[in-house]
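Chain by chain, the residues run as shown.
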Amino acid sequence: MIETDPDMRAVEATLFASDQPMTVEQIRGYVGDSVDVSAALTQLAAHYQGRGIEIVQRGKAWHFQTASDLAHLLRREREESRKLSRAAVETLAIIAYHEPVSRAEIEAIRGVQISKGTLDVLMEAGWVRPAGRREVPGRPLIYATTPGFLTHFGLNSRKDLPGIADLKAAGLLDPIDSAMGEMLFTGEESDSELEINENNA
C-alpha cells in the first residue's frame, strides 16, 4: 500500500512539495540513492490514475497536475493575453520539429530573417531555451524547446507532435499551409498544429 510504503511516501511528498517538475535524479537527491525512484513514480502514477489530481511525465520530468477532464472547473474567467505573431509561431514550430537549431537554420527554413525579439518572446513565454553552441565556425547559439513547452501543449515528448497527414485528415491545413509543410518538413511532422493550438490558447 502506498500509504504505508516509506519509499513511495517520500517520493510522493518530494514531488508534491516542489513548485517545478522534477527529474528522477532531482528526486533522488532528496530521498536518497537507496530508493528506486523510477519504480515509485510508476506505481504512484497508477495509484493516482482516475483521481482529481494525477502524476504525469513531461519529457524527463514528473509533476502533479489537475486531471485533464476537470481542468474546466478551475479555469478562471480572465484569460491570459498572449497572442504570438505568425513569425513567432513559425519559429516555435521550426524549433520544436528540428531542435536544436541556430538562428541561421531557422531563417533558412522560413526563407526570411527573424528579429531577435521573436526569440525573446518565445524564451519569455518559457517555451524556448538556449541549448549551447554549434561546433562550427562562429559557434552560433542553438535553441531547443523546454519542459514548459511540452506541458503547455499537453505533450509527453516531442514524438507526440502531429504530422502533416494527421492535420490533413483533420481538415486543419489549407492548400498553402499544406504545400509549405510538404516543402519544409519532408519526412518530418508539420508545424501547423502548434499554430492552431496557440491561436486557440
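Scope of this entry: the structure provided in the associated data block. Nothing here was measured: the structure is a model prediction, and the numbers come from that model.

Pairing is antiparallel in the open sheet, where three strands are placed in the order β4-β6-β5. With one partner strand each, in any of the chains shown, β4 (101–102) and β5 (128–133) form the two edges of the open sheet. Relative to strand β6 (residues 141–145), β5 runs antiparallel, the two sharing four bridges. Paired with Pro130 across the strands is Tyr143, a residue of β6. Together, β4, β5 and β6 form the strand contacts of helix α5 (residues 86–98), whose direction differs from that of β6 by roughly 90°. Where helix α7 (residues 116–124) meets the sheet, its contacts fall on β5 and β6, and the angle it forms with β5 comes to roughly 115°.

With that settled, the discussion passes to the packing of helix α2 (residues 24–31) against helix α3 (residues 37–48). One way to put it is that α2 packs onto α3 with a least axis distance of 10 Å and a crossing angle of 105°. The angle between the axes of α2 and α3 places the two elements in the roughly perpendicular class. Seen from α2, the contacting residues are Val24, Ile27, Arg28 and Val31; seen from α3, they are Val37, Ser38 and Leu41.

Scanning the entire structure with this criterion turns up five salt bridges. Between Glu90 and Arg86 there is a salt bridge whose closest N-O contact spans 2.9 Å. Of this pair, Glu90 and Arg86 both sit in helix α5, four residues apart, which is roughly one turn of that helix. Salt bridges sharing partners connect three or more residues here, namely Arg86, Glu90 and Arg110.

So, about the packing of α5 against helix α6 (residues 103–110). Packed helix pairs are specified by the crossing angle of their axes together with the interaxial distance, meaning the distance between the axes. At a minimum axis separation of 10 Å, α5 and α6 run at an interaxial angle of 110°. As far as their axial angle goes, α6 and α5 are roughly perpendicular. Along this stretch, α5 crosses α6, giving a crossing that reads as right-handed. Facing Ala87, Glu90, Thr91, Ile94, Ile95 and His98 of α5, the residues of α6 in contact are Ile106, Ile109 and Arg110. The residue makeup of the contact of α5 with α6, split by class, is five nonpolar, two polar and two charged.

Arg86 sits in the partly exposed class, given a relative accessible area of 48%. Taking C-alpha positions, Arg86 is 9.9 Å from Thr118, a pair spaced 32 residues apart along the chain.

In any sheet, the strands associate via hydrogen bonds between backbone groups, in a parallel or an antiparallel arrangement. Across the sheet, three strands lie side by side as β1-β3-β2; this open sheet has antiparallel pairing. Two strands bound the open sheet, and with one partner strand each, they are β1 (22–23) and β2 (53–58). Here two bridges tie β1 to strand β3 (residues 61–66), and the two strands are oriented antiparallel to one another. By the bridge assignment for β3, Thr23 is matched with Ala61. Helix α1 (residues 6–17) contacts β1, β2 and β3 of the sheet and is inclined by roughly 70° relative to β3.

Cut-off values and rules
- Residues numbered from 1 in each chain as written.
- Predicted model: local features only at pLDDT ≥ 70, side-chain atom pairs only at ≥ 80, totals over all residues.
- Heavy atoms only, no water.
- Pairing = 2+ DSSP bridges.
- Helix = DSSP H or I, 4+ residues; strand = E, 2+ residues; numbered from the N terminus.
- Contact = heavy atoms within 4.5 Å.
- Axes fitted to C-alpha atoms, helices over the stretch in contact; angles between N-to-C directions.
- Parallel < 35°, antiparallel > 145°, perpendicular 65-115°, else oblique.
- Salt bridge = Lys/Arg side-chain N within 4 Å of Asp/Glu carboxyl O.
- Left-handed = near helix turned anticlockwise from the far one by under 90°.
- Nonpolar A, V, L, I, M, F, W, Y, C, P; charged D, E, K, R; others polar.
- Buried < 20%, exposed > 50% of the residue type's maximum accessible area, 1.4 Å probe, protein only.

In short, shape yes, function no, at least from these values alone.
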